[in-house]
Amino acid sequence: MRGFNLDQLQAFADVVDLGSFSAAAERCNLSQPAISQQVKLLEQRLGVKLIERIGKRAMPTAAGKALRAQIGPIDQAIRGALDAVAPFGSGVQGQVRIGCGATACIYFLPAVLAGIRQKYPDLEISVKTGNTADMARLVETNDLDIGFVTLPFASRALEITPVMKDPFVAIFAANPETASGGDISDGPISPGEIAELPLVLFEQGSNTRTIADDWLRKTGRSVRPVMELGSVEAIKELVGAGLGASILPSMAIVAGRSHLPVQARALAPALGRDLAIVMRRDKTLTQGLRVVRDGIIAAGQKADIALPAQ
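Counting restarts for each chain: residues are numbered from 1 in the order of the written sequence. Per-residue local features are limited, in this predicted model, to residues with pLDDT of at least 70; the limit for side-chain atom pairs, both in listing and counting, is 80 or more; totals at the level of whole chains, interfaces and linings are taken over all residues. Side-chain measures were taken over the full set of non-hydrogen atoms in the model, leaving aside hydrogen atoms and water.

### Here we look at the overall build of the protein chain
Thinking step 1. The helix and strand inventory of the protein chain stands at 12 helices and 11 strands.
Thinking step 2. Evaluated residue by residue, the protein chain yields a buried proportion of 42% over its 310 residues.
Thinking step 3. We call two residues in contact whenever any of their non-hydrogen atoms come within 4.5 Å of each other. In the protein chain, the proportion of contacts linking residues at least 24 apart, taken out of those at least 6 apart, comes to 73%.
Thinking step 4. In these tables, accessible area is a Shrake-Rupley quantity obtained with a 1.4 Å probe, and a residue counts as shielded only by the protein chains included in the view. Accessible surface, the protein chain: about 16200 Å² in total, of which carbon and sulfur atoms supply 52%. Counting from the N terminus, the helices are DSSP H or I runs at least four residues long and the strands are E runs at least two residues long. In this scheme, a residue with accessible area under 20% of its type's maximum is buried, one over 50% is exposed, and one in between is partly exposed, where area comes from a 1.4 Å probe on protein chains only.

Below is the structure:
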């Protein structure tokens, strides 16, 4: 243990993972010379060359590959040690790493985390976004402490706590004739009705897209969108410009947020998703992690997502 510097190990791991000293420096918010120095000192400490340049990419040597394979377990052991002593500390502090979908990150978590930060300024919270499968896997490997994800999914290693329901809605340009070339009647929209319109949908591979596709299959025919995007805000802007209709979680429809306004309609049959918290079953519940978990649950229970009139 003597002589090992955890910052040097992390700098080395970042360079290997990103293939670049400059990218590692950006991730760590350090200068490139500082990262290079960390790696150099580690190489001097171990007496071996760890990284070599192949073209423009920084690659691990054989010794570097062997060391990189050990850093994951080292990091987990250190986090386990910190988790073990955290309950004995005073105040709420430490770090909590959250994984969630992009929509929840934009429209749900900011208010929750702002309230926690105001009350517990010494608690460090980081957020990573991605699809449910990726976020759950990172929670399983202890690279994230808690996930806020879409059900269903199964994992024997994770404890799943349902938090809230988020209904889906159809959205159109504020001027119905712009979006459809004809009048859109008031009231709930059926799969057959919306399938007649050009559709701007979320990109494939996301739970949002999977849920929408399953609902659209009720038409009995294949439905192909005219556009597929990875940004909810971009989808709303294109719909607001009259380029099509879409199906999105209702939490994403915030009045006055889009430059080009949209209108929402309920779906018939109704459609929605269940959001849940996931944590490792053996995860030590530190004070900080408890605060984040309870804050998300409380906000989910209070969420009053307004739906269009049925």
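Picking up where we left off.
### Quick notes on the packing of helix 2 (residues 21-28) against helix 3 (residues 32-46)
Thinking step 1. Interaxial distance between helix 2 and helix 3 falls to 8 Å at its minimum, and their mutual angle equals 105 degrees. By the angle between their axes, helix 2 is roughly perpendicular relative to helix 3. For the pair formed by helix 2 and helix 3, the contact residues are Phe21, Ser22, Ala24, Ala25 and Cys28 on the first element and Gln32, Ile35, Ser36 and Val39 on the second.
Thinking step 2. Among the residues making up the contact of helix 2 with helix 3, the classes are represented as 6 nonpolar, 3 polar and no charged. What counts as an axis is a line fitted to C-alpha atoms, over the stretch in contact for a helix, and the angles between N-to-C directions run from 0 to 180 degrees. For classification, angles of less than 35 degrees are called roughly parallel, those exceeding 145 degrees roughly antiparallel, those between 65 and 115 degrees roughly perpendicular, and all remaining angles oblique. Under this grouping Gly is polar, as are all residues other than the nonpolar Ala, Val, Leu, Ile, Met, Phe, Trp, Tyr, Cys and Pro and the charged Asp, Glu, Lys and Arg.

### Structural notes on helix 6 (residues 109-119)
Thinking step 1. Leu109, Val112, Leu113 and Ile116 are the residues of helix 6 that are buried. Buried residues of helix 6, seen end-on, are gathered within an arc of 90 degrees and therefore sit on one face of the element. Summarising the geometry of helix 6, the exposed residues directed more than 90 degrees from the buried face are Ala111 and Gln118. Here the arc refers to the directions that run from the helix axis out to each C-beta atom.

### What to know about a nonpolar patch on the surface
Thinking step 1. On the surface, a nonpolar cluster with roughly 220 Å² of combined accessible area is contributed by Phe4, Leu46 and Val48.
Thinking step 2. Within the element layout of this structure, Phe4 appears in the segment before helix 1 (6-18).
Thinking step 3. Residue classification places Phe4 among the partly exposed positions, given a relative accessible area of 40%. Put simply, a patch holds well-exposed residues, over 30% relative accessible area, that have no salt bridge, with like charges counted together within 9 Å and Val, Leu, Ile, Met, Phe, Trp or Tyr side chains within 5 Å. Throughout this description, the term salt bridge denotes a Lys or Arg side-chain nitrogen within 4 Å of a carboxyl oxygen of Asp or Glu.

### Remarks on helix 7 (residues 132-140)
Thinking step 1. Taken together, the buried positions of helix 7 are Thr132, Met135, Ala136, Leu138 and Val139. Looking straight down helix 7, one finds that the buried residues subtend no more than 160 degrees of arc, so they occupy a single side.
Thinking step 2. Among the structural elements, strand 3 (94-100), strand 4 (123-129), strand 5 (146-150), strand 6 (158-173), helix 10 (207-216) and strand 11 (272-280) are those in contact with the buried residues of helix 7.
Thinking step 3. In the stretch just after helix 7, Asn142 is the one whose phi turns positive, near 70 degrees.

### Points about the confidence of the model for the protein chain
Thinking step 1. pLDDT is a per-residue confidence score from the predictor, ranging from 0 to 100. Residue-level pLDDT values for the protein chain average 85, and 88% of them are 70 or greater.
Thinking step 2. Mean pLDDT per element in the protein chain: helix 8 (residues 176-180) is the minimum at 51, and strand 5 is the maximum at 94.
Thinking step 3. Contacts from residues 306-310, a stretch scored under 50 in pLDDT, to residues over four places away or in other chains number 10 contacts.

### Points about the nonpolar core
Thinking step 1. Nine residue types can take part in a nonpolar core, namely buried Ala, Val, Leu, Ile, Met, Phe, Trp, Tyr and Cys, and a core is a set of them joined through side-chain atoms within 4.5 Å. One finds Phe108, Phe148, Val292 and Ile296 to be the most contacted residues of the largest nonpolar core, which totals 36 residues.
Thinking step 2. Looking at which element gives the most residues to this core, the answer is helix 12 (residues 287-302), with 5 residues.
Thinking step 3. No fewer than three residues from each of domain 2 (83-164 + 274-306) and domain 3 (166-273) sit in this core.
Thinking step 4. Once you skip the residues sitting within four places of it in the chain, Phe148 turns out to touch Gly99, Cys100, Gly101, Ala104, Phe108, Val163, Met164, Leu275, Ala276, Ile277 and Ile296.
Thinking step 5. Residues Ala195, Ala212, Leu216 and Leu271 belong to the second largest nonpolar core, which totals 18 residues. The domain boundaries here were taken from an automatic or database domain assignment.

### A look at the layout of surface pockets
Thinking step 1. A volume near 340 Å³ is recorded for the second largest pocket.
Thinking step 2. Along the walls of the second largest pocket sit 22 residues, with Gly101, Ala102, Gly130, Asn131 and Ser206 positioned nearest its centre.
Thinking step 3. Where the lining of the second largest pocket is concerned, the elements lending two or more residues are helix 5 (102-107), strand 5, helix 10 and strand 11.
Thinking step 4. For the lining of the second largest pocket, the class distribution of residues is 7 nonpolar, 13 polar and 2 charged.
Thinking step 5. Taken domain by domain, the lining of the second largest pocket gets at least three of its residues from each of domain 2 (83-164 + 274-306) and domain 3 (166-273). The method works on a 1 Å grid over the protein atoms by themselves. A cavity is a set of points holding a 1.4 Å probe that cannot get out, a pocket is an open set with protein on both sides within 12 Å along at least five of seven lines, and residues with an atom within 4 Å of a point line them. Grid points are joined across faces, edges and corners, and a volume is the space filled by probe spheres set on the points.

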